[in-house]
Amino acid sequence: MSTIHWTEGHTHQSARWHSENAAPLPQRTVVADDRMKANDAYRQACEGTALLWQGDFHNARRLLQAMGRRIDRKQPRPSTSPSESFHLHRRSSSHRARVLGRLLVLLDEDYTLGLRRAPDVRQACLEAYGPPKGPIAVSLRELLGVIGAHQWRLKGVDVPALGTRIHPHYGVFSPVRGEYVNLVAHTPLPPATRHSPATSTAFDLGTGTGVLAAVLAHRGINRVVATDSSPRALACARENVHRLALTDRIDVSGPDLFPEGRADLIVCNPPWLPARPTGSVEQGVYDPDSTMLRGCLAGLSAHLRPGGEGWLILSDLAEHLGLRTRQQLLDAIQAAHLSVVEKIDTKPRHPRSKDTTDPLHTARSAETTSLWRLITTP
């Protein structure tokens, strides 16, 4: 167990250190309060000192914002290629997270945040961290993410293809980008499935919130097996399936990518960028060495029924960033003894695709999301 230590007056204190992104244990921790100036906080955080906040909660948020502005003043050097832009952006984001992550707060044994004007964060922390095991120190930045995720879980995300809302959990990719959901909702089903959906089976690999499994069931497929390797995603998918009254048609299982048996339709929406996530929260975005993508392609032939199709939903953002070429993707498809029947494209409509201040704007503005219809090679 990692423990941080600090001194209040002449008394030595300690608490268990917790970080969802596996941030290293601070080597030095000092107490900070409303008297601390942003320049001092920024300097000490850059030097590696953690600041355990004991002042007003809203002042802590303002201090975090002020520290962020000081980081943002130092823009990365101009890049010479899309891939270099991406790596510089990742490095800059990592530095930003590391520095801002050094402003800490202490949660009591029941997750109470004992700061002036602090919100009640107990339920949000219980959902993100599980049952409490004594006082813990966490970064304020992470805690704000936990609070935001709790609000998303309560409110849910509207999914027009379902005519209802999906409720994401902390650390589970949220279906806020509706274009990939719409692709699965509107692409014609394979002929055998289209003619008799009530006797058909589908697999949803890497189900996350369970949204695509629900869409497939909504389209009339009788049995859907949704898999995921993340315990959080499995719990989230099961809750959404129960909320949608689809427990008799959707089975949620893990941690294997493929369930046993074969299916008429196998859908996979892997993380779109072949890079290493900095923690569990980023696993829905980054797929190191395209591991999940390759695993999906490699297993399709062995799990498709005759006449079945595999639907791979993938953005070409990695291609625009120079992280993967189209030929590498096509080679991986061919190596898995698969053929492309059709590629159905759609353009993203999320705000970041139009944000000219985004350092990756050129790539994002050119992005296309595609559904690749794949069959086994005769």
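Note that the structure is predicted; figures quoted are calculated from it, not measured. Each chain carries its own residue numbering, running from 1 in the written order of its sequence. A pLDDT threshold of at least 70 governs which residues receive local features in this predicted model, and a stricter bar of 80 or more applies before side-chain atom pairs are shown or counted, although totals over entire chains, interfaces and linings include all residues. Water and hydrogen atoms play no part in the side-chain values, which are based on all heavy atoms of the structure.

Student: I'd like a description of the pattern of salt bridges, backed by residues and values.
Tutor: Definition used for salt bridges: Asp or Glu carboxyl oxygen within 4 Å of a side-chain nitrogen of Lys or Arg. Counted under the stated rule, the structure contains 18 salt bridges. As a salt-bridge pair, E47 and R43 come within 3.5 Å of each other at their nearest N and O atoms. Burial classes follow relative accessibility: with a 1.4 Å probe on protein chains only, a residue under 20% of its type's maximum area counts as buried, one over 50% as exposed, and anything between as partly exposed. A relative accessible area of 56% places E47 in the exposed class. With its nearest N and O atoms 2.9 Å apart, the salt bridge here joins E319 to R326. Judged by its relative accessible area of 23%, E319 is partly exposed. In the salt-bridge network here, residues are joined through shared partners; they are E127, R153, E239 and R243.

Student: Lay out the environment of V146 in plain terms, naming residues and giving numbers.
Tutor: Within the element layout of this structure, V146 appears in helix α5 (residues 140-155). Taking C-alpha positions, V146 is 27 Å from L257, a pair spaced 111 residues apart along the chain. In contact with V146, other than residues within four places in its own chain, are A124, C125, A128, Y129 and Y170. Secondary structure elements follow DSSP: runs of H or I of four or more residues count as helices, runs of E of two or more count as strands, with numbering from the N terminus. Any pair of residues with heavy atoms lying within 4.5 Å of one another is described as a contacting pair.

Student: Lay out helix α3 (residues 82-100) with the relevant residues and their values.
Tutor: Take the number of residues in a helix, subtract one, and multiply by 1.5 Å to get its expected span. Relative to the 27 Å expected for 19 residues at 1.5 Å per residue, α3 spans 27 Å between its end C-alpha atoms, a close match to the ideal helical length. Among all positions in α3, only E84, S85, F86, L88, H89, R90, V99 and L100 are buried. For α3, the elements touching its buried residues are α1 (38-46), α2 (57-72), β5 (103-107) and α5.

Student: Before we move on, can you summarise the packing of aromatic side chains with the specific residues and values?
Tutor: Only the six-membered ring of Trp is used, alongside the rings of Phe and Tyr, when aromatic pairs are assigned; centres must lie within 6.5 Å, and planes under 30 degrees apart are stacked while those over 60 apart are edge-to-face, with the rest tilted. Following the criterion strictly, the structure yields four aromatic pairs and no others. Taking 6.5 Å as the distance between ring centres and 50° as the angle between the ring planes, the aromatic pair formed by F86 and Y286 counts as tilted. Taken together, the residues span a long stretch of sequence, with F86 in helix α3 and Y286 in the loop between β12 (263-268) and α10 (291-303) at a distance of 200 residues. In this structure F86 comes out as buried when scored by relative accessible area, which is 2%. Measuring from ring centre to ring centre gives 6.5 Å for F173 and Y180, while their planes differ by 45°; the resulting arrangement is tilted. Grouping aromatic residues by their ring pairs yields a cluster made of F173, Y180 and W272. Comment: the charge-over-ring label is applied if NZ (Lys) or CZ (Arg) is within 6 Å of the ring centre and within 35 degrees of the ring normal. Here the basic side chain of R90 rests over the ring of Y286, its NZ or CZ set 4.0 Å away from the ring centre. A cation sits over an aromatic face here: K343 above W372, 5.6 Å from the ring centre.

Student: Tell me what's going on with unusual backbone geometry, and back it up with residues and numbers.
Tutor: With an omega of 10°, the peptide bond running from G254 to P255 counts as cis. In this structure, P255 sits in the loop between β11 (250-253) and β12. In this structure, A22 takes a positive phi of about 55° despite not being glycine. Looking at the secondary structure, you find A22 in the loop between β2 (11-17) and β3 (28-32). Judged by relative accessible area, A22 falls into the exposed class, the value being 63%. With a phi angle near 60°, H337 is a residue other than glycine that sits in the positive phi range. Here H337 is to be found in the loop between α12 (326-335) and β14 (338-346). With relative accessibility at 56%, the residue H337 sits in the exposed group.

Student: I'd like a description of helix α9 (residues 231-243), backed by residues and values.
Tutor: Spacing of three or four residues puts side chains on the same side of an α-helix, whose turn is 3.6 residues. Between its first and last C-alpha, α9 extends 18 Å over 13 residues, near the 18 Å set by a 1.5 Å rise per residue. Buried residues in α9 make contact with β8 (164-166) and β11.

Student: Can you lay out empty space enclosed by the protein for me, pointing to particular residues and giving the numbers?
Tutor: Points on a 1 Å grid over protein atoms alone make up a cavity when a 1.4 Å probe fits among them but cannot get out, and a pocket when they form an open set with protein on both sides within 12 Å along at least five of seven lines; lining residues each have an atom within 4 Å of a point. Grid points are joined across faces, edges and corners, and a volume is the space filled by probe spheres set on the points. Going through the model one piece at a time under the given rule, you end up with two cavities of 30 Å³ or more. Approximately 60 Å³ is the volume attributed to the largest cavity. Surrounding the largest cavity, L314, S315, D316, E319, R326, L329, T368, S370 and W372 form its lining. For the lining of the largest cavity, the elements supplying multiple residues, two or more each, are β13 (304-315), α12 and β15 (369-376).

Student: So what's going on with the sheet that holds β2? Residues and values would help.
Tutor: Strand order across the open sheet formed by six strands is β1-β2-β6-β5-β4-β3, with mixed pairing between neighbours. Sheet topology places β1 (3-8) and β3 at the edges, where each strand pairs with a single neighbour. On average, each strand axis in the sheet is tilted by 40° relative to the strand beside it, whichever way the strands run. We treat two strands as partners when DSSP finds at least two bridges between them. Looking at chain direction, β1 and β2 are connected through six bridges and run antiparallel. Pairing of I4 across the sheet is with A15, part of β2. Structural elements are reduced to axes, namely lines fitted to C-alpha atoms, with helices fitted over the stretch in contact, and the angle between N-to-C directions of any two is expressed from 0 to 180 degrees. Lying on the sheet, α5 is in contact with β5 and β6 (136-139); it crosses β6 at an angle near 85°.

Student: Describe the packing of α2 against α3, naming the residues involved and giving the relevant values.
Tutor: Put simply, α2 and α3 touch, their axes get as near as 10 Å, and they point 150° apart. Considering how the two elements wind past one another, α2 and α3 form a crossing that is right-handed. Between α2 and α3, the residues in contact are L64, M67, G68, I71 and D72 and H95, R96, V99 and L100, respectively. Note that Gly is not counted as nonpolar here; it falls among the polar residues with everything else outside the nonpolar set of Ala, Val, Leu, Ile, Met, Phe, Trp, Tyr, Cys and Pro and the charged set of Asp, Glu, Lys and Arg. Of the residues assigned to the contact of α2 with α3, the class counts are five nonpolar, two polar and two charged. The crossing is said to be left-handed when, going from far helix to near helix, the turn is anticlockwise and less than a right angle, and right-handed when the turn is clockwise.

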